[in-house]
Structures are given as C-alpha cells and as structure tokens.
Amino acid sequence: MADINGRKYCKLIVYGCQGNVSDGERMAGQLKAIGYERTEEMEQADLILINTCCVRETAEDKVYGKIGEIKALKRKKPELIFGIAGCMAQKEGEALIKRAPHIDFVLGTSKVHSLSQTVRRIEAERQHVVDVNLTETELPDESEAPVLRDGKLSAWVPIMYGCNNFCTYCIVPYVRGRERSRLPEDIVKEVEQAARAGYKEVTLLGQNVNSYGKDHKQADFAELLAMVDKVDGIERVRFMTSHPKDLSDKVIEAMAQGRHLCEHIHLPVQHGSSKILKAMNRVYTAEAYKDLVKRIRVALPEVSLTTDLIVGFPGETEEDFEGLLAFLKEIRYDAAYTFIYSKRSGTPAAEMEDQVPEDVKKARLQRLMEVQNEISLEINQALLGKTLEVMVEGPSKNDESVWMGHTRSNKIVLFPHGQEKAGDFVQVKITSPQTWVLKGEVC
Ligand code: SAH
Ligand code: SF4
Ligand code: F3S
C-alpha cells in the first residue's frame with residue numbers, strides 16, 4: 001500500500017442517476033478523510049470503488065464489464081482494495097463476491113456513511129465484507145459526513161432518500177427503500193455551507209421531490225424551496241425529480257414567487273397512453289398530466305419542460321406507441337430522455353404478458369427520438385436572436401476557446417471565450433440554435 005511518499009490513492013467510478021453522483025461525493029469525502037487522494041488512473045489506485053446502478057440491464061452490463069477489467073489489476077497488485085457500492089450492490093449482495101471473488105467489499109445503498117469504517121476494517125483484516133442491510137426507516141447521520149464535491153459551482157444536495165411509488169417497471173424502491181426526508185434545517189445548513197464555499201447553484205435531489213416532508217411534516221416541498229431560495233450567494237436553485245402525481249399548485253406558486261428558482265421542471269411522464277400509464281402504476285392519466293402542464297405554463301410562461309419516456313413497456317401496441325408520438329407533439333417538451341423498457345426481475349412488469357420483442361422496441365425508440373429531436377430543434381430555433389442569462393461554467397469539452405454554460409431553463413450554451421470567468425453570469429445572444437445546444441455571443 002501507498003507510494004514511496006506514503007500517499008494512498010483511490011479511484012471512484014460512478015454510474016447511474018444524480019443521487020448516485022451525490023452519494024459518490026460523500027464517499028469521496030470519507031476516503032479523503034482517511035487518507036486517500038483522488039486519482040483518475042486505475043493503475044495508480046490503492047482502492048477502487050464502483051458506485052453502481054441497476055435501473056436497466058445495460059447499466060448492470062457496464063458494471064460487470066468493469067469488474068472483469070479490474071481482475072487483471074488486482075492480480076498485478078494483490079493489496080488493491082476493490083469495493084462495490086450502490087444499487088447493484090444492494091440488489092446482488094454477497095452474490096457479487098461469489099461471482100467475482102476479487103471484490104473485497106459490497107456496501108448497500110443505506111451504508112454510504114459507513115464507507116470509511118468498512119475500508120479501515122479491510123485495511124486491518126483483509127477479509128471480505130458484505131454490508132447490505134437496508135435501513136429503511138433511519139436517515140444516515142450526515143452531520144459529520146465530509147463531502148468532496150465534483151464541481152466548484154453547482155452542488156448536489158439530497159433532500160430525501162428512497163421511493164414509495166413502485167412503478168411496475170422500476171427496481172429503485174427495492175434497492176433504495178422507503179422515502180425518508182432530511183430535516184429542512186439540515187438541508188438549509190448544507191446549502192449555506194455550499195454558498196460559503198463559493199457554489200452558485202444547488203440542485204435538490206430526490207426520486208420524487210414533491211413528496212418531500214410527508215414523513216416528518218416539518219416542511220413541505222414548496223416551503224423548502226422558499227427556504228433555499230433565501231440562502232445568500234445561491235443564484236440558482238434546481239430540483240429533480242418531480243413525480244407528476246404530487247406536483248402541487250403550491251409548488252408551482254412557490255416557483256413563480258422565487259427569485260432563484262429556475263424555470264425548468266423535469267417532469268417524467270413515461271408514456272402518453274393512459275392504458276400504459278395505468279399498467280405502469282403511475283397513478284395519473286394522460287389527460288391529468290396535460291392539465292398539469294397547462295397550469296404550469298400559465299403560472300410560469302418561460303418554463304422549460306423535460307421528461308423521461310419508456311418505449312416497449314409490456315402490452316404497448318403500435319396504436320399505443322402512436323398515441324405517445326401524438327402526445328409528444330401536443331406537449332412539446334424541450335428535451336426527453338428516452339429508454340427502451342428493460343425487464344427487472346422482481347418487479348411486476350417483468351411478469352406481465354405481451355412483452356414487446358427487442359427489434360420492435362429498438363425501431364420504436366428510433367422513431368421516438370426522431371420526433372422529439374425535431375420538436376427540440378423547433379423550440380430552440382425560436383430562441384434565435386434572444387438574449388439569455390448564462391452561468392459561465394468553463395471551457396467546452398472539444399474546444400478550449402469555446403466556453404460553456406447553462407441558461408436558467410437548463411439549456412447548454414456555447415460561446416467564444418472573452419474576459420468572463422467561471423462563475424460569472426453573462427448575457428448571451430443566441431446566434432445559432434441547435435437540437436442539443438444553443439450557440440451565441442456574449443453581449
Ligand atoms: N424517480 C424518477 C426516475 C428514476 S429512474 C421518476 O419517477 O421519474 C430514471 C428513469 O429511468 C425513469 O424515469 C424511467 O424512465 C427509467 N426507467 C426506470 N426503470 C426502467 C426500466 N425497467 N426500463 C427502462 N427504463 C426505466
Ligand atoms: Fe422508480 Fe417510479 Fe420511484 Fe421513479 S417514482 S424511482 S420511476 S418507482
Ligand atoms: Fe440507478 Fe439506483 Fe439511481 S438504480 S438510477 S443509481 S437510484
């Protein structure tokens with residue numbers, strides 16, 4: 001262990017949703033506290049940790065691929081500590097070590113905060129550790145938890161853990177347990193700390209933020225938004241994800257009142273046919289969703305709406321699918337994340353009849369993306385010549401002289417770099433809108 005200067009290194013690989021990214025930052029904080037510096041090089045690492053996702057089969061395949069890759073590293077460097085955390089760890093538990101004995105530890109989703117203890121134990125005893133007991137009622141004690149955030153401007157802030165909704169296709173409630181909301185004062189404290197550390201933007205995280213506080217009743221989501229909106233130094237407040245069934249008029253009103261609450265709602269509909277929505281247990285109809293969108297757009301005329309969509313859910317006919325396309329053309333989302341239905345064993349949908357063949361699912365996904373891309377492009381083209389506020393984030397991936405930032409509506413903007421620095425807020429005139437990005441010039 002450790003290099004000639006006594007330094008130890010860790011490499012963290014994170015898959016999955018923002019909740020997992022946020023957990024990863026809390027894991028990185030603990031590893032730093034017990035003496036591990038971050039490295040991007042697998043070969044240099046004394047500890048490799050994968051924070052996993054199992055929402056679709058493809059997510060699991062990626063993890064198994066990585067686990068295989070690390071086997072050779074471990075052979076070369078037997079003292080390497082290799083751990084698996086996150087949703088797949090929760091789902092598979094000890095089976096992961098049976099399948100791949102070069103894994104040293106498996107840590108469940110409610111054990112994020114005991115990572116440092118686990119690593120210390122392995123350093124001392126060099127034995128396999130499996131800790132996947134899902135504590136569904138208790139919240140982790142975050143008061144002492146160090147967080148090592150990935151970015152310098154935008155901070156993820158979890159406001160609740162778990163999910164109670166049991167959509168019939170989804171594995172998340174099984175691997176994340178029931179909803180547990182953090183206390184409003186703890187959340188505000190974390191946001192204030194982030195502001196003091198120079199963060200300008202926070203994103204409040206939960207599988208269904210709209211049901212925040214239903215357990216402890218100390219504050220509901222609208223009240224929490226108003227509290228976070230008041231924190232000095234935070235210029236932008238975002239949140240995800242909103243379940244349509246719980247997005248109240250009170251939240252919409254809070255958004256309209258808030259100064260820093262950004263005009264963007266990620267409001268996954270999953271499907272546009274009420275028959276499929278019922279089979280998915282989403283608890284709203286296509287009509288009720290359209291109504292909600294109308295109310296949102298009246299109260300927040302500048303709002304951008306994004307969504308998640310699943311094609312090929314069991315029983316989806318050609319007619320249902322065409323209904324989804326018509327629905328998209330009616331709602332006109334700014335953007336959509338589109339997924340092929342993936343069978344998750346243990347969920348009700350996996351047992352349903354009329355599973356849709358793979359080739360049909362793939363062809364439908366293609367058609368869906370074409371329709372949505374056209375809508376996204378049309379919506380963005382309407383922004384030609386408009387001037388929008390952009391938070392400057394840094395150089396774009398492909399070109400150092402081109403800088404990147406987001407609008408309040410969460411669209412990516414690229415512009416030639418001038419005097420501005422990361423963290424500035426600038427006005428950018430849009431000169432070339434595209435499907436995924438807006439190109440422009442600082443005014
Ligand atoms: N809590 C959020 C979403 C969490 S999972 C919500 O309710 O909106 C992120 C997305 O993955 C979901 O919105 C859904 O579109 C997709 N997803 C979940 N399970 C899936 C499955 N079995 N197959 C394909 N996509 C799935
Ligand atoms: Fe999964 Fe539904 Fe919960 Fe979202 S609300 S995490 S889709 S069960
Ligand atoms: Fe994946 Fe777990 Fe998030 S299954 S999507 S990492 S809650």
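Before reading further, recall that the structure is shown in the block above.
Residues numbered from 1 in each chain as written. Chains lettered and ligands numbered in written order. Predicted model: local features only at pLDDT ≥ 70, side-chain atom pairs only at ≥ 80, totals over all residues. Heavy atoms only, no water.

*Asks:* What should I look at first to understand the packing of aromatic side chains in this one?
*Replies:* Two measures describe an aromatic ring pair: the distance that separates the ring centres and the angle between the ring planes. For the structure shown, the criterion picks out 6 aromatic pairs. Arranged with centres 5.1 Å apart and planes meeting at 80°, the rings of F221 and F239 form a pair that is edge-to-face. Pair noted here: F221 is in helix α8 (residues 221–229) and F239 is in strand β11 (residues 236–240), with a separation of 18 residues, a long-range link. The same class applies to F221 as to F239, namely buried. Three or more aromatic residues joined by ring pairs make a cluster, and in this case those are Y169, F313 and Y341. Note that R149 overlies the ring of Y199, its terminal NZ or CZ placed 5.8 Å from the centroid. (Phe/Tyr/Trp six-rings, centres within 6.5 Å; stacked < 30°, edge-to-face > 60°. Helix = DSSP H or I, 4+ residues; strand = E, 2+ residues; numbered from the N terminus. Buried < 20%, exposed > 50% of the residue type's maximum accessible area, 1.4 Å probe, protein only. Lys NZ or Arg CZ within 6 Å of the ring centre and 35° of its normal.)

*Asks:* Help me out: how do you make sense of the sheet that holds strand β14 (residues 335–340) in this one?
*Replies:* Sheets are built from strands that pair by backbone hydrogen bonding, the pairs being arranged parallel or antiparallel. Spatially, 3 strands are ordered β12-β13-β14 in an open sheet, and the strand pairing comes out parallel. With partners counted over all chains shown, the strands left at the sheet margins are β12 (264–266) and β14, one partner each. Each adjacent strand pair in this sheet contributes to an overall mean axis angle of 15°, direction not counted. Together, β13 (304–311) and β14 form the strand contacts of helix α13 (residues 358–381), whose direction differs from that of β14 by roughly 175°. (Pairing = 2+ DSSP bridges. Axes fitted to C-alpha atoms, helices over the stretch in contact; angles between N-to-C directions. Contact = heavy atoms within 4.5 Å.)

*Asks:* What exactly am I supposed to notice about the site of ligand 3 here?
*Replies:* Taken together, C17, N20, C53, C54, V55, C87, R176 and Q207 make up the full set of residues near ligand 3. Of the residues that constitute the shell around ligand 3, the class distribution is 5 nonpolar, 2 polar and 1 charged. (Near = heavy atom within 4 Å. Nonpolar A, V, L, I, M, F, W, Y, C, P; charged D, E, K, R; others polar.)

*Asks:* What's the story with the nonpolar core in this structure? I'm lost.
*Replies:* Here is a general trend for soluble globular proteins: nonpolar side chains tend to be buried in one another's company. By size, the foremost hydrophobic cluster in this structure holds 70 residues, and its most contacted members are L204 and F221. When residues of this core are assigned to their parent elements, the largest contribution, 6 residues, is made by helix α12 (residues 318–331). When sequence neighbours within four positions are dropped, the list of residues in contact with F221 reads I159, L204, V209, N210, Y212, F239 and V251. I67, F82, C87 and V106 belong to the second-largest nonpolar core, a separate cluster that totals 26 residues. (Core = buried A, V, L, I, M, F, W, Y, C linked by side-chain atoms within 4.5 Å.)

*Asks:* I keep staring at the environment of R7 and nothing clicks. Help me out?
*Replies:* Examined against the element boundaries, R7 turns out to sit in the segment before β1 (8–14). Given the relative accessible area of 34%, R7 is considered partly exposed. Counting along the chain gives 29 residues from R7 to Y36, while the straight-line C-alpha distance between them is 7.3 Å. Within polar-contact distance, the side chain of R7 engages the side chain of Y9 at 2.9 Å. (Polar contact = N/O pair within 3.5 Å; in protein donor to acceptor, adjacent residues only side chain to side chain.)

*Asks:* Please clarify how the side chain of H102 should be interpreted in this entry.
*Replies:* As for its position among the elements, H102 is in the loop between α4 (95–99) and β5 (105–107). There is a polar contact of 2.8 Å between the side chain of H102 and the backbone oxygen of I67. Apart from the residues lying within four places of it in its own chain, the contact partners of H102 are I67, I70, K71, K74 and F82.

*Asks:* So what exactly am I meant to see when it comes to the pattern of salt bridges here?
*Replies:* Pairing is possible between side chains of opposite charge, provided their charged atoms come close. Considering all chains together, one arrives at 35 salt bridges under this definition. Across the pair D150 and R38 runs a salt bridge whose closest N-O atoms are separated by 4.0 Å. In this pair, D150 is assigned in the loop between β6 (129–131) and β7 (154–158) and R38 in strand β2 (residues 36–38), connecting sequence segments 112 residues apart. With a relative accessible area of 34%, R38 lands in the partly exposed category. Notably, a salt bridge pairs K250 with D220, separated by 2.7 Å at the nearest N-O pair. Of this pair, K250 sits in helix α9 (residues 249–257) while D220 sits in the loop between β10 (201–205) and α8; the two residues are 30 residues apart in sequence, bridging distant segments of the chain. A residue is classified by how much of its surface remains accessible, and D220, at 26% relative accessible area, is partly exposed. Because the salt bridges share partners, they merge into one network encompassing E25, R26, R149, R182 and E190. (Salt bridge = Lys/Arg side-chain N within 4 Å of Asp/Glu carboxyl O.)

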